[in-house]
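One-letter residues, chain by chain:
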Amino acid sequence: MTPVKKNTFLKKVKHITISGSLSMLILSSGLYSCSSNESTDGEYEQTEVYTQGVRTYIKEVSKGEFKITEEIAVPADSSKAIVTYLDGREEVLTKEQSKKLIDEEITHNQNTIGHNNGLSNVLLYGGMGYFLGRTMSPNYGFYRPDFRQNNGGSGFVPNGGVKNNADMGRYYSNPETFAKSSDVNRNITRSRTTVTRPSSSRSGFFGSRSRSGSGFGG
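Residues numbered from 1 in each chain as written. Predicted model: local features only at pLDDT ≥ 70, side-chain atom pairs only at ≥ 80, totals over all residues. Heavy atoms only, no water.

1. Considerations on the pairing of strand β6 (residues 192–198)
- Taking burial as the measure, the 7 residues of β6 include 5 buried ones, the bulk of the element.
- Strand direction decides the pairing type here: strand β1 (residues 44–50) and β6, joined by 7 bridges, are antiparallel. When the sheet's bridge partners are listed, Tyr44 is paired in β6 with Pro198. (Buried < 20%, exposed > 50% of the residue type's maximum accessible area, 1.4 Å probe, protein only. Helix = DSSP H or I, 4+ residues; strand = E, 2+ residues; numbered from the N terminus. Pairing = 2+ DSSP bridges.)

2. Looking at the sheet that holds strand β2 (residues 52–62)
- An order of β3-β2-β4-β5 is seen for the 4 strands of this open sheet, with the pairing classed as mixed. Each edge of the open sheet is held by one strand with a lone partner, namely β3 (65–75) and β5 (90–94). Neighbour to neighbour, the strand axes of the sheet diverge by 15° on average, direction disregarded.
- In this structure, β2 lies alongside β3, joined through 10 bridges in antiparallel fashion. Looking across to β3, one finds that Ser62 is bridged to Glu65.
- Across the sheet, helix α2 (residues 95–108) is in contact with β4 (80–84) and β5; its angle to β5 comes to roughly 90°.
- Against the sheet, helix α4 (residues 127–135) touches β2, β3 and β4, its axis set at about 145° to β2. (Axes fitted to C-alpha atoms, helices over the stretch in contact; angles between N-to-C directions. Contact = heavy atoms within 4.5 Å.)

3. Considerations on the environment of Phe131
- With respect to the element layout, Phe131 can be found in helix α4.
- With 81 residues separating them along the chain, Phe131 and Tyr50 place their C-alpha atoms 8.8 Å apart.
- Not counting the four nearest positions on each side in its chain, Phe131 is found in contact with Gln52, Gly53, Val54, Ala76, Ser79, Lys95 and Ile188.

Keep in mind these values describe shape, not function.
Right, here's the structure in full:
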């Protein structure tokens, strides 16, 4: 990390920032100090955290074709995809495993993105893709229409892709399940919290600030 001058407030956020006047208020008031026994010299950072995630249930409906049968809101660290195959076999994918499948599809099979119901596409355009797009890089904004629309995007979709939110319903078992997924996605967005803390191993800073809704959220 590049050294910063004494009492410098280092902001490291993806989408959330605090106003300049608030920064000056924090610095001038001495609220950044961890305790009376610690030096006021130090670097501080803001990191964005989402506390809510999704559990996605996916079923293979024909050979190589999948549908989302249910999505429920869960704590972020409990996020997973549970896939049931035609032969009855069940596979549990962690968020890291889900992301790997999506990223491999994007890297190696660009022409199939948004054009079939393969498992990677179902993950990308379902609640898991929404959660991963908010919490990890890349944010899949070029592929998910709900991301583009919420950010004033042009609507450009690489290689055809999914053009609008209605098209995303194809990845769900029925319209009701697709409609419920919007509530899960909103729950994820509203759980966004900005945590301010020392960039070193010190603890005891003034805590976290919960901010939701506006900006990049869906």
